[in-house]
Protein chains: 2
Amino acid sequence: MLTKTEINLIKSLKDKKNRDETSLFVVEGVKMANELLAGKYDVSILYYTERYQPFVADLKYEGKKQCISEAEMSRISQLKTPTPVLALVYKPEYSCIPEKFKGELTLALDGIQDPGNLGTIIRLADWFGIKRIICSSDSVDCYNNKVIQSTMGAIFRVEVCYLQDLPDFLKRLKQNGCCLYGTFLEGECIYETKLSESGVIILGNEGKGISKSVSELVNNKLFIPPYPLSIKSSESLNVGIAAAIVCSEFRRRIL
Amino acid sequence: MLTKTEINLIKSLKDKKNRDETSLFVVEGVKMANELLAGKYDVSILYYTERYQPFVADLKYEGKKQCISEAEMSRISQLKTPTPVLALVYKPEYSCIPEKFKGELTLALDGIQDPGNLGTIIRLADWFGIKRIICSSDSVDCYNNKVIQSTMGAIFRVEVCYLQDLPDFLKRLKQNGCCLYGTFLEGECIYETKLSESGVIILGNEGKGISKSVSELVNNKLFIPPYPLSIKSSESLNVGIAAAIVCSEFRRRIL
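All figures in this text were calculated on a predicted structure; none of them were measured in a lab.

Asker: How should the side chain of B:Arg123 be read in this particular structure?
Answerer: Relative to the assigned elements, B:Arg123 resides in helix 6 (residues 115-127). Residues within four places of B:Arg123 in sequence aside, it is in contact with A:Ser236, A:Leu237, A:Asn238, B:Ser150, B:Thr151, B:Met152 and B:Ala154.

Asker: Mind showing me how you'd approach the pattern of salt bridges here?
Answerer: A pair can form between side chains of opposite charge whenever their charged atoms are brought close. If you walk through the whole model with that rule in mind, you get 28 salt bridges over all chains. Salt bridges linked by common partners bring A:Lys31, A:Glu35, A:Asp126 and A:Arg157 together as one network.

Asker: Would you mind showing me how to read the sheet that holds strand 4 (residues 85-90) of chain A here?
Answerer: Note on sheets: strands pair through backbone hydrogen bonds, and any given pair is parallel or antiparallel. Residue and element names in this part refer to chain A. One open sheet accounts for 4 strands, arranged 1-4-2-3; its pairing is mixed. Here the strands that pair on one side only, and so sit at the sheet edges, are strand 1 (24-28) and strand 3 (65-67). Pairs of neighbouring strands in the sheet enclose a mean axial angle of 15 degrees, with direction left out of account. For strand 2 (residues 43-48) and strand 3, the ladder comprises 3 bridges, and the chain directions are parallel. Looking at strand 3, one finds that Tyr-48 is bridged to Cys-67.

Asker: What's the story with the confidence of the model for chain A in this structure? I'm lost.
Answerer: In low-pLDDT segments, the atomic positions of the prediction should not be examined closely. In the predicted model, chain A carries a mean pLDDT of 94, and the fraction of residues at 70 or more is 98%. Prediction confidence for the complex, expressed as pTM and ipTM, is 0.94 and 0.93 respectively.

Asker: How should the sheet that holds strand 8 (residues 180-189) of chain B be read in this particular structure?
Answerer: Residues and elements named next belong to chain B. Spatial ordering of the open sheet is given by 7-6-5-9-8-10, a layout of 6 strands whose pairing is parallel. With partners counted over all chains shown, the strands left at the sheet margins are strand 7 (159-163) and strand 10 (220-223), one partner each. Across the sheet, the mean angle separating the axes of adjacent strands is 35 degrees when strand polarity is ignored. With 5 bridges connecting them, strand 6 (residues 132-136) and strand 7 associate as parallel partners. Across the sheet, the residue bridging to Ile-133 is Val-160, located in strand 7. Strands in contact with helix 6 are strand 5 (105-110), strand 6, strand 7 and strand 9 (199-204); relative to strand 5, the strand with the most contacts, it is inclined by about 175 degrees.

Asker: What is the right way to read the packing of helix 10 (residues 239-252) of chain A against helix 10 (residues 239-252) of chain B from this model?
Answerer: For any two helices packed against each other, the geometry is given by the interaxial angle and the distance between the axes. Contact geometry of helix 10 of chain A with helix 10 of chain B gives a least axis separation of 9 Å together with a crossing angle of 60 degrees. In terms of orientation, helix 10 of chain A lies oblique with respect to helix 10 of chain B. In the crossing of helix 10 of chain A with helix 10 of chain B, the sense of the turn from one axis to the other is right-handed. Of the residues in helix 10 of chain B, those touching helix 10 of chain A at A:Gly240, A:Ile241, A:Ala244, A:Ile245, A:Ser248, A:Glu249 and A:Arg252 are B:Gly240, B:Ile241, B:Ala244, B:Ile245, B:Ser248, B:Glu249 and B:Arg252. Split by residue class, the contact of helix 10 of chain A with helix 10 of chain B holds 6 nonpolar, 4 polar and 4 charged.

Asker: Before we go on, may I ask you to explain the relation of the copies chain A and chain B in this structure?
Answerer: In this arrangement, two copies of a chain are superimposed by a rotation about an axis accompanied by a shift along the axis. You can overlay chain A on chain B at an RMSD of 0.0 Å; the transform is a turn of 180 degrees with a shift of 0.0 Å along its axis. When the rotation and shift are considered jointly, the pair of chain copies conforms to a two-fold rotation axis. When you check the interface residues of chain A against chain B, 100% turn up at the interface there too, and the contact is symmetric in its surfaces.

Asker: So what exactly am I meant to see when it comes to the interface of chain A and chain B here?
Answerer: The figure often quoted for interface size is the accessible area lost as the parts come together. Each side of the interface is counted separately: chain A has 34 residues, and chain B has 34 residues. Across the chain A/chain B interface, buried area totals approximately 3500 Å², and carbon plus sulfur atoms make up 60% of it. Where chain A packs against chain B, one counts 2 salt bridges. The interface formed by chain A and chain B includes 14 residue pairs in polar contact (both at pLDDT 80 or more).

Asker: It is not clear to me how the packing of aromatic side chains should be interpreted in this structure. Could you clarify?
Answerer: What describes a pair of aromatic rings is the distance from one ring centre to the other and the angle between the planes of the rings. All names here are of chain A. For the coordinates displayed, the defined rule picks out 12 aromatic pairs over all chains. Ring plane angle 80 degrees and centroid distance 6.1 Å describe the contact between Phe-25 and Tyr-41, whose orientation is recorded as edge-to-face. Note that Phe-25 is positioned in strand 1 and Tyr-41 in the loop between helix 3 (30-38) and strand 2, a separation of 16 residues in sequence. Of the two residues, Phe-25 and Tyr-41, both sit in the buried class. An angle of 70 degrees between the planes, with centres 5.5 Å apart, marks the rings of Phe-101 and Phe-169 as edge-to-face. One end of the pair, Phe-101, is in the loop between strand 4 and strand 5 (105-110); the other, Phe-169, is in helix 8 (residues 166-175), and 68 residues separate them in sequence. Here the basic side chain of Arg-132 rests over the ring of Phe-101, its NZ or CZ set 5.7 Å away from the ring centre. The residue whose ring lies beneath Lys-221 is Phe-184, and the NZ or CZ to ring-centre distance is 4.5 Å.

Asker: How should I be thinking about the packing of helix 6 (residues 115-127) of chain A against helix 10 of chain A in this particular structure?
Answerer: Residues and elements named next belong to chain A. Packing of helix 6 against helix 10 leaves a shortest axis separation of 9 Å and a crossing angle of 15 degrees. In terms of their interaxial angle, helix 6 and helix 10 are classed as roughly parallel. As helix 6 packs across helix 10, the resulting crossing turns out to be right-handed. Along the contact surface, helix 6 presents Asn-117, Ile-121 and Leu-124, while helix 10 presents Val-239, Gly-240, Ala-243, Ala-244 and Cys-247. Here the residues of the contact of helix 6 with helix 10 sort into 6 nonpolar, 2 polar and no charged.

Asker: Any chance you could explain helix 3 (residues 30-38) of chain B here in plain terms?
Answerer: Given 3.6 residues per turn, any residue in an α-helix points the same way as the ones three and four places further on. By the burial criterion, the buried members of helix 3 of chain B are B:Met32, B:Ala33, B:Glu35 and B:Leu36. For helix 3 of chain B, the angular spread of the buried residues around the axis is 160 degrees, confining them to a single face.

Asker: Is there a simple way to explain the environment of A:Arg132 in this structure?
Answerer: All names here are of chain A. Locating Arg-132 in the fold gives a position in strand 6 (residues 132-136). When the C-alpha atoms of Arg-132 and Cys-161 are compared, they prove to be 7.7 Å apart, with 29 residues separating the residues in sequence. When neighbours within four sequence positions are excluded, Arg-132 is seen to be in contact with Lys-100, Phe-101, Glu-104, Thr-106, Leu-107, Val-158 and Glu-159. Of note is the side chain of Arg-132, whose polar atom sits 3.2 Å from the backbone oxygen of Lys-100.

Asker: Where do I start with the environment of A:Leu170 in this structure?
Answerer: All names here are of chain A. Relative to the helices and strands, Leu-170 resides in helix 8. The sequence separation of Leu-170 and Leu-217 amounts to 47 residues, and the corresponding C-alpha distance is 7.6 Å. Apart from the residues within four sequence positions on either side, Leu-170 is in contact with Ala-108, Ile-134, Leu-180, Val-200, Ile-202, Val-214 and Leu-217.

Asker: When you look at the side chain of B:Thr83 in this model, what are you seeing that I'm missing?
Answerer: Residues and elements named next belong to chain B. Residue placement: Thr-83 occurs in the loop between helix 5 (70-76) and strand 4 (85-90). Looking at Thr-83, its side chain comes within polar contact range of the main-chain nitrogen of Gly-29, at 3.0 Å. Side-chain polar atoms of Thr-83 contact the backbone oxygen of Val-85, separated by 3.0 Å. Those residues in contact with Thr-83 that lie beyond four places of it in its chain are Glu-28, Gly-29, Arg-51 and Met-73.

Conventions adopted
- Residues numbered from 1 in each chain as written.
- Chains lettered and ligands numbered in written order.
- Predicted model: local features only at pLDDT ≥ 70, side-chain atom pairs only at ≥ 80, totals over all residues.
- Heavy atoms only, no water.
- Helix = DSSP H or I, 4+ residues; strand = E, 2+ residues; numbered from the N terminus.
- Contact = heavy atoms within 4.5 Å.
- Salt bridge = Lys/Arg side-chain N within 4 Å of Asp/Glu carboxyl O.
- Pairing = 2+ DSSP bridges.
- Axes fitted to C-alpha atoms, helices over the stretch in contact; angles between N-to-C directions.
- pLDDT = per-residue confidence, 0-100.
- Parallel < 35°, antiparallel > 145°, perpendicular 65-115°, else oblique.
- Left-handed = near helix turned anticlockwise from the far one by under 90°.
- Nonpolar A, V, L, I, M, F, W, Y, C, P; charged D, E, K, R; others polar.
- Least-squares fit on C-alpha atoms with pLDDT ≥ 70 in both.
- Buried area = accessible area lost by both parts, 1.4 Å probe.
- Polar contact = N/O pair within 3.5 Å; in protein donor to acceptor, adjacent residues only side chain to side chain.
- Phe/Tyr/Trp six-rings, centres within 6.5 Å; stacked < 30°, edge-to-face > 60°.
- Buried < 20%, exposed > 50% of the residue type's maximum accessible area, 1.4 Å probe, protein only.
- Lys NZ or Arg CZ within 6 Å of the ring centre and 35° of its normal.
- Arc of directions from axis to C-beta.

Here is the structure:
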């Protein structure tokens, strides 16, 4: 049986404030649990219902676990349709030093707000072998349940770091010889631009785009041309879609 | 003042069944209303609050309109934060004959379920000058409020058709000389494949991919290679992301 304190703790993790205070976040679903346990994350406790019992026995998991009723699972789940497993997991701490970025392709998120967009971008990074994503402090929290679920497990393979001062960190990367890329309407056609093998691809806020202080640092302004080439002002691309096209362009050149 | 019947009608349009019965759907927001009125859609009525009054005067709109209170707007809005304008719009009827597809690049959606994904794909089509999207009857309805809002107005420029029998229609397109493309794990590297200027790009369901009866028709199986090249079975790309990369590849070759 779950105690009231346990139930309240789990439910409280919907809010970033409580995730920050406890350093815990929630992972739900069988596929997600399998991905979690295949990674290096530190699990606080794994709750499962009887349906998941056969799987639990097969898992290489020696940590704390507890079988609960379906009714209890419904109470603690953040999903519309609860699954047979829910884990409380410790947020990892990654050191974010400029040396780590040498020779690597990295994404920098400047104020991304939509959880679905962040989840999609983390999944995209995983596909294209991008190990690290750095985010401005006003970007949506990657331990938000919607983000976690929409990464389909990629969150356990890609390091996501939040920085107090993203422009300052990007400036340091630039001083270290790192090339900074971003998409702009006045940029150069991405299909015809020479792209380096490593560097930082900056992705801006859904409504406002890349902030002024970050824009000023960009070495290479890129543009994804529409078809036909004339731009109709009303059109735009979703940030995840733009990210996909840019990442694909970087990787297709070195395959 | 809105009557109870009017309020009930507007609220009922959340459900596809009622949209189908009345042929109406809901458009909300100032930007969306501007895009709507710039297009060829038939507006049944435009509701607006006093805040929007100055804009309404500027609009080239001669149709039925009604000023309502903010409280009334809150009651009829499907958004968390109601905007100053809401329109009831007639669903357009597009004829879907194979001749229309000659020389065009088209998207075919085979069971896409997520409204956000469909909205993103419509926006993407608009950017890349794809005029037409055909959907299997089990795909999410494009007049769903979430889809409409996430298209950012692209829905008013891209024709979306639902087909009773998508495989049969694709077969007819193929007989007409149209090339059918889709992404598959066993496909050919998209970066190295010759792509035609026109054809149909098939996008599958989020979980199950492209259905068997449609797969069998595909002429060109494409593959978006991960980086590095070895595939880890747990990884995958979101359908909107895959669509973006494929559309970009088609268009980059003919710019």
